[in-house]
Amino acid sequence: MKRIAKRSLGALLVSRSSMALHMAMMGVVTASTVLPSAAAIAQTAVPTPESWFGHRMGTDRKLEPYARMVDYYQALAKASDRIKVVELGKSTEGRPFLAMFISSPENLAKLEDYRQMNLKLADPRGVPKEEIDRIVKDGKAVIVQSYDLHSSEIGSSLTSVEFTYDMVTRTDPEMMNVLDKVITIIMPSLNPDGHDMVYDWYTKYVGTPYEGAAMPWLYQKYVGHDNNRDAFMLNMVESQHLGGLLYRDWIPEAYIDHHQMGQYSPRISIPPYTDPIRPAGDPLVWREMTWYGADMAYELDMADLSGGIGDAIYSGWGHFGFHWITPFHNITGMLDESASANLATPLYVHPDQLKGGQRAVPDNKPQMNMPNPWTGGWWRPRDIVDRQKVTSWSLVNTAAKNKERILRNMYLKASRQIERGAEGEVKAYVIEAGQHDPLTVNKMINALLLQNVNVYRAPADFIHEGRAYSAGSFVVPMNQPNMGLVRWLLGQTFFPDDTYARTNDGTPIRPYDMSTDAMTEFMGVESTPAKSMVTAQLEPLATTIITQGTVDGSGPYLLSGSLNDSFRAVNLLLKSGATVQRVTTPSGAARVGDFLVSGAGGATAQSIAAKTGVSFASAGGVSSAGTIAVKAPRLAMLKRYRGGNIDEGWTRFLLESYDYGYSSIMDADIKAGNLIRKYDVIVLPDDSIAMMTGETGGDGGYGGFNSMEGVPPEYRSGFGEEGVKALEEFVKAGGKLITFGRAGDLPIKKFKLPVVNVVEGKSAKEFWSPGSTFHMKVDTGSPLAYGMPEDALAIFMAGSQAYDVSPRIHNEDVKVIASYPEKNILQSGWLLGEDILSNKAAMVSVKHGKGNVILIGFRPQHRAQAHGTYKLLFDSLIAPAS
């Protein structure tokens, strides 16, 4: 057994470029051994990682900048005919975003042929059976592996270097079989910008008391850790690059994203996921995860790499990140999660710190899904690389050994999903074009198209199941390969409240992030399920919709207040010098909340209509008497250290997307006081009081320790009581303070507002709703809700709030803008304790001195996905004219 283990270590963990070395480790070569070609042997000019970087990957306290890694990959491509490096585009901050195609030279020369074959398996409609059989025989398995998504989990970037080197240099029979039968696509960094942020931060403090501390800000310009929550909306350019490759251009048979997790858990979590799984995927997707994971587990223990666990920690029902959404593209989407060090600094772990406690991990003792637990000691970056190299290799090796079965499965998954869609209760979703915000309807359709969902449009009015639909309405049929994806994005969702979702004492177990990902509900778009096939004339949508606004006349103009994009148009108009007024009294064609525009030339109107899709209607007959002036708000938003605030980053992204000007203010800016001189509106994104003020009891940091540990003093943020006082003085002087979610605690508790958060202090058994959509009634007559529909949906996350008004002499100082209904509050997700929310406020405005505090108990801009509630924020940002 020692000899076998040594061979496995040699094959899996040691980079080799010599045929002789490999054969010596293999032992006797039999007559049937497939010897590599001369071309395969001629890989000696390929630079090793050690020669290029000056150290082995995973060496303690050694990281590399992204540009140097890119140079190395390009050097590999120059030296080897097994690899093609393709730049898919740029990152958010302009770094190259790479995909590396690795296979035999013969396969690389025919990449487009194999891509087309793969696409036919992924959507076999109209493909003759004989051609499918030929593709299964002659095609290649396509496997995508991605690294370095969450940049503080930086060990995977090192794995990518060494694994890529092995793929282009090894000449043993197993590798030659992989190169012949598999096209491996390596994404070496899904977040190049964050990689360099972490590299710069870590190397700056190596050798100081602050070595290995958590970086104080987000490791992506906007979204940090949430870049893995962007897989179904594709807001970030990096998501668009990866989504294009996975969903449309290649549609691989399998995909794995290599991650890191906490420091006191098993050493690596591997496929499959544990229960519960999300239904509506083909069973073969889940079976293949188990199959791939079994080989990974076997190889880990063959190499005596302890602490590997499968069927644990991460459930099969998670947020629609890349590895959780791909199963509904019929891609076997997986992740592995290695235990973390302190970035590139080793961490000592005491045996009694390994306690378990995650899903299916009761303790750190041997169990069926982890027969070889790690017992503690020093945990080093190299330990991460060793384990991820095993999982990286195991996946492609298993695919090569079972190539025809995997390709046949891809065909079966797609074919059977088409059949299920045709035979299921819901045959299609019909989406009326003329909804409350038709531009947002178009945005949702475009998002579906980017997911490779088949969408059709009706060129004429039609009636289906007794309902009339206007010309231009959309139909999304279920008889398509991605029917499972359509079901979750457009259908109502109820998270299963069963034994998998509760502990033994009945306490709910939080789903991984969200209990619904219903795009249609998030965006405020109605998608109507149809129980019979739509027989009206339909035309397939081949490309995304580009909406061009029209301009009627030379002004003045009227813009619809029901359109989110009208707010962007208003911002652009104000920057151009135009005059904008908000309609408060209907007249002519103007409704309350519409915008009256004057002083905008025809060219300006045409340009803004083209940019935004908003039409400039003639304002003839509209009186300016029933309007109020609109000006650009002097807007500020709190930005902090302590790892950064993801909700703040998403809000920045949204504000920039809609052309708002804003200032990011930090502790010193707030504590300086006299904020009213600079700002009209200050936004506090979702956050705890402790994280904002620096009070004790704040959220723990990565790995379970306080996020301030080891952080240099200049990055230990918190504005304290001094900042609280400055914010209250700002409001009392006439300013507007807007809070999202948990941030409402600050003004409620510190300013002593006459409002109570009714869900505070409730146990999980009393109240529970993680990532759900709730019905709410909106007072559309309030200027803070102009343009909203009367019935809307809010995304309620763990930590969201709902309000009751405390009795005071001046109850009129509190205005309820939106509230939850008496019953049937839940639209999708999971809700316990509905009675606690019954008739409670979701959003209130509280007069405080001369100003107002606007408490929005949920995140109205959640991850730039909550288009249905954007206007509650945009309306709140509109500042008074004086």
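Every residue gets a number counted from 1 within its own chain, in the order that chain's sequence is written. Local features in this predicted model are restricted to residues whose pLDDT is 70 or higher, and side-chain atom pairs enter the listing and the counts only when it is 80 or higher, whereas totals over whole chains, interfaces and linings include all residues. Derived side-chain values reflect all non-hydrogen atoms in the structure, with water molecules and hydrogen atoms excluded from consideration.

Novice: Provide a residue-level description of the environment of Asp659, including the pertinent values.
Specialist: The way it works is that DSSP assigns letters per residue, a run of H or I at least four long becomes a helix, a run of E at least two long becomes a strand, and they are numbered from the N terminus. Relative to the elements of secondary structure, Asp659 occurs in the loop between helix H22 (646-657) and strand S26 (663-665). Sequence spacing of Asp659 and Arg568 is 91 residues, and the spatial spacing of their C-alpha atoms is 5.9 Å. Whether two residues touch is decided by their heavy atoms; if any such pair falls within 4.5 Å, the residues are in contact. Not counting residues within four places of it along the chain, the set of residues in contact with Asp659 comprises Arg568, Asn571, Leu572 and Lys575.

Novice: Provide a residue-level description of the sheet that holds strand S4 (residues 182-187), including the pertinent values.
Specialist: Strand order in the open sheet formed by 8 strands is S1-S2-S4-S3-S5-S10-S6-S8, with mixed pairing between adjacent strands. Both outer strands of the open sheet, strand S1 (83-90) and strand S8 (308-310), are each paired with one neighbouring strand and no more. Along the sheet, successive strands turn relative to each other by an average axial angle of 20 degrees, direction set aside. Structural elements are reduced to axes, namely lines fitted to C-alpha atoms, with helices fitted over the stretch in contact, and the angle between N-to-C directions of any two is expressed from 0 to 180 degrees. In this fold helix H5 (residues 66-79) packs onto S1 and strand S2 (96-102), with an angle of close to 30 degrees to the strand it touches most, S2. For two strands to pair, DSSP has to find at least two bridges joining them.

Novice: Which residues make up the layout of surface pockets, and what values go with them?
Specialist: As a volume, the second largest pocket reaches approximately 780 Å³. Buried and open spaces are told apart on a 1 Å grid over the protein atoms alone, a cavity being a set of points where a 1.4 Å probe fits but cannot get out and a pocket being an open set with protein on both sides within 12 Å along at least five of seven lines. Residues with an atom within 4 Å of a point are the lining residues. Around the second largest pocket sit 28 residues that line it, and Asn235, Lys443, Asn446, Asp565 and His867 are the ones nearest its centre. Elements supplying a minimum of two residues to the lining of the second largest pocket: helix H17 (438-450), helix H20 (564-576), helix H21 (602-612) and H22. With 6 residues, H17 is the largest single contributor of residues to the lining of the second largest pocket. Residues are grouped as follows: Ala, Val, Leu, Ile, Met, Phe, Trp, Tyr, Cys and Pro are nonpolar; Asp, Glu, Lys and Arg are charged; all remaining types, including Gly, are polar. For the lining of the second largest pocket, a count of residues per class yields 14 nonpolar, 10 polar and 4 charged. Grid points are joined across faces, edges and corners, and a volume is the space filled by probe spheres set on the points.

Novice: Which residues make up helix H11 (residues 192-205), and what are the values?
Specialist: Here H11 spans 21 Å end to end across 14 residues, near enough to the 20 Å set by a 1.5 Å rise per residue. Think of it in three bands: with a 1.4 Å probe and only protein chains considered, a residue is buried below 20% of the maximum accessible area for its type, exposed above 50%, and partly exposed in between. In terms of residue burial, H11 counts as a mostly covered element, since 11 of its 14 residues are buried. Every buried residue of H11 is listed here: Pro192, Asp193, Gly194, His195, Asp196, Met197, Val198, Tyr199, Trp201, Tyr202 and Tyr205. For H11, the secondary structure elements touched by its buried residues are H5, S2, helix H9 (155-169) and helix H12 (237-249). Positioned one or two residues after H11, Gly207 has a phi angle of 85 degrees, which is positive. Multiply 1.5 Å by the residue count of a helix minus one, and that product is the helix's expected span.

Novice: Any details on the pairing of strand S27 (residues 681-684)? Residues and values, ideally.
Specialist: It is a general feature of regular strands that their side chains alternate between the two faces of the sheet. Neither face of S27 is exposed, since Val681 and Val683 on one face and Ile682 and Leu684 on the opposite face are all buried. Relative to S27, strand S25 (residues 635-638) runs parallel, the two sharing 3 bridges. Each residue of the ladder has a partner; that of Met637, found in S27, is Val683. Pairing of S27 with strand S28 (residues 736-740), which is carried by 4 bridges, proceeds in the parallel orientation. Counted as the bridge partner of Val683 is Ile738 from S28.

Novice: Please set out the side chain of Ser717 residue by residue, giving values where relevant.
Specialist: As for its position among the elements, Ser717 is in the loop between helix H24 (689-693) and helix H25 (720-732). A residue is classified by how much of its surface remains accessible, and Ser717, at 6% relative accessible area, is buried. Here a polar contact is recorded for every N or O atom pair within 3.5 Å, except that within protein the pair must consist of a potential hydrogen donor and a potential acceptor, and residues adjacent in sequence are included only if both atoms are side-chain atoms. From its side chain, Ser717 meets the backbone nitrogen of Tyr641 in a polar contact 3.3 Å long.

Novice: An account of the nonpolar core is requested, with residue identities and associated values reported.
Specialist: What we call a nonpolar core is a set of buried Ala, Val, Leu, Ile, Met, Phe, Trp, Tyr and Cys residues that are connected through their side-chain atoms within 4.5 Å. Membership of the largest hydrophobic core comes to 148 residues, with the highest contact counts inside it found for Ile185, Ile445 and Leu448. Ignoring sequence-local partners within four residues, the contact set of Leu448 consists of Val453, Val455, Val476, Leu489, Leu490 and Met519. If you look at the next biggest cluster of nonpolar residues, it comprises 68 residues, including Ala578, Tyr660, Leu826 and Leu831.

Novice: Explain the pattern of salt bridges to me, and be specific about the residues and the numbers.
Specialist: Here, a salt bridge means any side-chain nitrogen of Lys or Arg that lies within 4 Å of a carboxyl oxygen of Asp or Glu. Tallied over the entire structure, the rule returns 49 salt bridges. Here Asp565 ties to Lys443 by a salt bridge, and the two come within 3.0 Å at their closest N and O atoms. Of this pair, Asp565 sits in helix H20 while Lys443 is found in helix H17, placing the two residues 122 residues apart along the sequence. For Lys443, a relative accessible area of 29% gives the class partly exposed. With its nearest N and O atoms 2.8 Å apart, the salt bridge here joins Asp497 to Arg502.

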